[in-house]
Amino acid sequence: MVDPLFLAAPQVSTFVGTQPLTNASGFFFERDTRLYLVTSRHVLIDEATDHRPDRIEIGLHMDAVNLTVSTGFSVPLYVDGLAVWHQGEDSGGEIDVAVIELDRSAFPAEAVVRAFTPAHLQTAFDAVPADTSLMVVGFPLGFHDVVHHLPVLRHAAIASPFGIRFQAQGFFLTDARTHRGTSGAAVVMRDTQPTPATAALPWKLLGVHSSRMDMGNRDLVLDESLGLNCAWYADILLTLTEPATAE
């Protein structure tokens, strides 16, 4: 049996109608029986590059053993002209994280989904020392196992103190080799003491990978890229998935 982490992170493809645009990463998050896809906000809309898809497709596995059996599931991004996703914002400004609720009843009956939950969130900052080994699970440059339709894992290290907002923004830094297409990937660490609520997916969710961090004054010829990345703190998901209250 494959580690359930691989089944919690589907590939995300963006489209305008039938025209493919980009490939990205994402992961499933479940709260109070509601299922969400989490990805980067700029995957769903990016005004700076005029990236404006009207739907996404995610990959679903149909068999937890025979991983060659999978299908694509289309999710509209707008209904009656209104965006159906929620994006993050805090005191520091916009957060490059978005969630979109998925209609689980529309999934094929055989769909195999593993999802993070609020119980997976790493909220104890002192439990993540500087030498903690992290993983980024996603689809760099769209690369993946095209036979079994699985993401790939990249090793990462914590590059700024976990629990401190880097430059007053809602993210921390990771040191990892990443590429375009990794946007929206889960940043996780192994859960060495899973509880009954997390045993089916024994990983702690720390952040959502967004983009590479670089210096604007770097000499592109003489200086290598920093190799650092922004990972938005995953506790924003509690705000983005908060049930609506009746007025």
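Higher on the page you've got the structure.
What comes next concerns the included structure. (Residues numbered from 1 in each chain as written. Predicted model: local features only at pLDDT ≥ 70, side-chain atom pairs only at ≥ 80, totals over all residues. Heavy atoms only, no water.)

### Observations concerning the pairing of strand 4 (residues 34–39)
Line of reasoning, step 1. Extensive coverage of strand 4 is indicated by the burial of five of its six residues.
Line of reasoning, step 2. As paired elements, strand 3 (residues 27–31) and strand 4 share five bridges and run antiparallel to each other. By the bridge assignment for strand 4, Phe-28 is matched with Leu-37. (Buried < 20%, exposed > 50% of the residue type's maximum accessible area, 1.4 Å probe, protein only. Helix = DSSP H or I, 4+ residues; strand = E, 2+ residues; numbered from the N terminus. Pairing = 2+ DSSP bridges.)

### Observations regarding the pairing of strand 16 (residues 228–233)
Line of reasoning, step 1. The element strand 16 is extensively covered by neighbouring structure, given that six of its six residues are classed as buried.
Line of reasoning, step 2. Alignment of strand 13 (residues 171–176) against strand 16, held across five bridges, turns out to be antiparallel. Bridging across to strand 16, Phe-171 finds its partner in Trp-232.

### Some words on the nonpolar core
The tendency in soluble globular proteins is for nonpolar side chains to be buried as a group.
Line of reasoning, step 1. Counting 29 residues, the largest nonpolar core has Phe-27, Val-38, Val-97, Phe-116, Val-188, Leu-205 and Leu-237 as its most contacted members.
Line of reasoning, step 2. In this structure Val-97 touches Val-38, Thr-39, Ser-40, Arg-41, His-86, Gln-87, Gly-88, Val-208, Trp-232, Ile-236, Leu-237 and Leu-240, once residues within four positions along its chain are discounted.
Line of reasoning, step 3. In this structure, Val-12, Ile-56, Ile-100 and Ala-115 belong to the second largest nonpolar core, which totals 22 residues. (Core = buried A, V, L, I, M, F, W, Y, C linked by side-chain atoms within 4.5 Å. Contact = heavy atoms within 4.5 Å.)

### Details of empty space enclosed by the protein
Line of reasoning, step 1. This structure, assessed with the given rule, holds one cavity of 30 Å³ or more.
Line of reasoning, step 2. The computed volume of the largest cavity comes to approximately 30 Å³.
Line of reasoning, step 3. Along its surface, the largest cavity is lined by Val-136, Gly-138, Pro-140, Val-152, Arg-154, Arg-177, Thr-178 and Thr-182.
Line of reasoning, step 4. When contributions to the lining of the largest cavity are tallied by element, the ones reaching two or more residues are strand 11 (133–138) and strand 12 (152–158).
Line of reasoning, step 5. For the lining of the largest cavity, the per-class residue count stands at three nonpolar, three polar and two charged. (1 Å grid on protein atoms, 1.4 Å probe; cavity = no way out; pocket = protein on both sides within 12 Å on 5 of 7 lines; lining within 4 Å. Points joined across faces, edges and corners; volume = space filled by probe spheres on them. Nonpolar A, V, L, I, M, F, W, Y, C, P; charged D, E, K, R; others polar.)

### Quick word on the sheet that holds strand 1 (residues 11–16)
Line of reasoning, step 1. Spatial ordering of the open sheet is given by 2-1-5-6, a layout of four strands whose pairing is antiparallel. Each edge of the open sheet is held by one strand with a lone partner, namely strand 2 (19–25) and strand 6 (70–76). Here the strands of the sheet are splayed against their neighbours by 30° on average, with no regard to which way each runs. (Axes fitted to C-alpha atoms, helices over the stretch in contact; angles between N-to-C directions.)

### Observations regarding the side chain of His-120
Line of reasoning, step 1. With respect to the secondary-structure elements, His-120 resides in the loop between strand 10 (93–102) and strand 11.
Line of reasoning, step 2. In this structure His-120 comes out as buried when scored by relative accessible area, which is 2%.
Line of reasoning, step 3. What His-120 contacts, discounting residues up to four positions off in sequence, is Ala-115, Ala-197, Thr-198, Leu-201, Trp-203, Lys-204 and Leu-205.

### Quick word on the pattern of salt bridges
Line of reasoning, step 1. With the rule as written, the count across this model stands at seven salt bridges.
Line of reasoning, step 2. A salt bridge links Arg-190 to Asp-3; its shortest N-O distance comes to 3.3 Å. Placement of Arg-190 in strand 14 (residues 186–190) and of Asp-3 in the segment before strand 1 is noted, with a sequence separation of 187 residues between them.
Line of reasoning, step 3. Across the pair Arg-31 and Glu-242 runs a salt bridge whose closest N-O atoms are separated by 3.3 Å. Pair noted here: Arg-31 is in strand 3 and Glu-242 is in the segment after helix 2 (236–240), with a separation of 211 residues, a long-range link. (Salt bridge = Lys/Arg side-chain N within 4 Å of Asp/Glu carboxyl O.)

### What to know about the layout of surface pockets
In this approach the atoms are scanned with a rolling probe the size of a water molecule, which exposes any empty space left behind.
Line of reasoning, step 1. In this structure, the largest pocket spans a volume of roughly 410 Å³.
Line of reasoning, step 2. Contributing to the lining of the largest pocket are 20 residues, with Asn-23, His-42, Arg-180, Gly-181 and Ser-183 lying nearest its centre.
Line of reasoning, step 3. Of all elements in the fold, only strand 2, helix 1 (41–44) and strand 15 (203–213) reach the threshold of two or more residues within the lining of the largest pocket.
Line of reasoning, step 4. Broken down by element, the lining of the largest pocket gets its largest block of residues, four residues, from strand 15.
Line of reasoning, step 5. In the lining of the largest pocket, the residues fall into three nonpolar, 14 polar and three charged.
Line of reasoning, step 6. What the second largest pocket holds in volume is close to 260 Å³.
Line of reasoning, step 7. Taken together, 19 residues make up the lining of the second largest pocket; nearest its centre are Gln-11, Ile-58, Gly-59, Leu-60 and His-149.
Line of reasoning, step 8. Listed by contribution, the elements that provide at least two residues to the lining of the second largest pocket are strand 1, strand 5 (55–61) and strand 6.
Line of reasoning, step 9. By residue number, the principal contributor to the lining of the second largest pocket is strand 5, which donates five residues.
Line of reasoning, step 10. Across the lining of the second largest pocket, the residue classes break down as nine nonpolar, nine polar and one charged.

### Description of the side chain of Thr-132
Line of reasoning, step 1. When you line up the elements, Thr-132 lands in the loop between strand 10 and strand 11.
Line of reasoning, step 2. For Thr-132, a relative accessible area of 11% gives the class buried.
Line of reasoning, step 3. Within the structure, the side chain of Thr-132 is placed 2.7 Å from the backbone oxygen of Pro-129, a separation counted as a polar contact.
Line of reasoning, step 4. Setting aside residues no more than four positions away along its own chain, Thr-132 makes contact with Ala-156, Ala-157, Ile-158 and Met-189. (Polar contact = N/O pair within 3.5 Å; in protein donor to acceptor, adjacent residues only side chain to side chain.)

Remember, this is a structural readout, not a statement about activity or role.
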